[in-house]
Amino acid sequence: SELITKEQIQTLIEEKAKAVEDGDLFLLLGVENDASNPDIQKAFFELAKLIHPDKLSKYGLDDMREISTKVFKALSEA
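In this text the structure is predicted, and so the values were computed from the model without any measurement.

Caption draft 1: Spotlight on the overall build of the protein. Looking only at helices and strands, the protein has four helices and zero strands in total. In terms of overall dimensions, the protein is globule-like: its C-alpha atoms have a radius of gyration of 12 Å, near the 12 Å expected for 78 residues. Taking the principal axes of the C-alpha coordinates as reference, the protein spans close to 35 × 30 × 15 Å. Taking all 78 residues of the protein together, 32% fall into the buried category. Long-range contacts, defined here as pairs at least 24 residues apart, represent 55% of the contacts in the protein between residues at least 6 apart. Counting every atom, the protein has about 5,400 Å² of accessible surface; 50% of that belongs to carbon and sulfur. Once the 10 positive and 16 negative side-chain charges of the protein are each reduced to a mean point, those two points are 5 Å apart.

Okay, structure coming up:
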């Protein structure tokens, strides 16, 4: 897997938090509105690996745990 920077994770969380606020779960997952269930599941797991609240300390982003938790909760509902 390619290395991802702290800044990229932070930006990703911020972008996903905006999608949550907008109520756009497809945007949150980064899939088209007509995406298949397997595509949706794949998108979920890819995002979960990156922005799960428990992964943030690895990037030194503990201060983003609250927002990440909100995003992750919405992801789980998606």
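Caption draft 2: Geometry of the pattern of salt bridges. Scanning the model with the defined rule gives four salt bridges in all. Its salt-bridge partner being Lys18, residue Asp22 comes within 3.0 Å of it at the nearest N-O pair. One end of the pair is Asp22 and the other is Lys18, both in helix α1 (residues 6-22) and four residues apart, which spans about a single turn. Here Lys18 falls in the partly exposed class, since its relative accessible area comes to 49%. Its salt-bridge partner being Arg65, residue Asp54 comes within 3.5 Å of it at the nearest N-O pair. Of this pair, Asp54 sits in the loop between α3 (37-51) and α4 (65-77) while Arg65 sits in helix α4, and the two are 11 residues apart along the sequence. Residue classification places Arg65 among the partly exposed positions, given a relative accessible area of 30%. Overlapping salt bridges bring together Asp54, Asp62 and Arg65 as one network.

Caption draft 3: Spatial organisation of the nonpolar core. Counting 22 residues, the largest nonpolar core has Leu29, Ile51 and Leu75 as the members making the most contacts within it. Mapped onto this core, the elements with two or more residues apiece are α1, α2 (25-29), α3 and α4. Looking at this core element by element, the count peaks at six residues for α3.

Caption draft 4: Local environment of the side chain of Lys16. Position of Lys16 among the secondary structure elements: in helix α1. For the buried Lys16, no salt bridge is present, and the opposite-charge side chain at shortest range is Glu15, 5.6 Å distant. Those residues in contact with Lys16 that sit more than four places away from it in its chain are Leu27, Leu28, Leu29, Gly30, Leu47 and Val71.

Quick notes on the rules
Along each chain, the written sequence defines residue order, and numbers are assigned to residues from 1. With pLDDT at 70 or above as the cut-off, local features in this predicted model cover only qualifying residues; side-chain atom pairs require 80 or more to be listed or tallied, and sums for whole chains, interfaces and linings still use all residues. To get the side-chain values, take all heavy atoms of the structure and skip hydrogens and water. What counts as a helix is a DSSP run of H or I of at least four residues, what counts as a strand is a run of E of at least two, and both are numbered from the N terminus. Radius of gyration: over C-alpha atoms. The globule rule applied is 2.2 Å multiplied by the number of residues raised to the 0.38 power. We call a residue buried when its accessible area falls under 20% of the maximum for its residue type, exposed when it is over 50%, and partly exposed in between, using a 1.4 Å probe and counting protein chains only. The contact definition used throughout considers only heavy atoms, calling two residues in contact when any of these lie within 4.5 Å. The method behind every accessible area is Shrake-Rupley, applied with a 1.4 Å probe, and residues are considered shielded solely by the protein chains displayed. Just so you know, the count uses Lys and Arg for positive and Asp and Glu for negative, and it drops His and the chain ends. One atom stands in for each charge, and that atom is NZ of Lys, CZ of Arg, CG of Asp or CD of Glu. We define a salt bridge as a side-chain nitrogen of Lys or Arg found within 4 Å of a carboxyl oxygen belonging to Asp or Glu. By convention a nonpolar core is built from buried Ala, Val, Leu, Ile, Met, Phe, Trp, Tyr and Cys residues, the set being connected through side-chain atoms within 4.5 Å.

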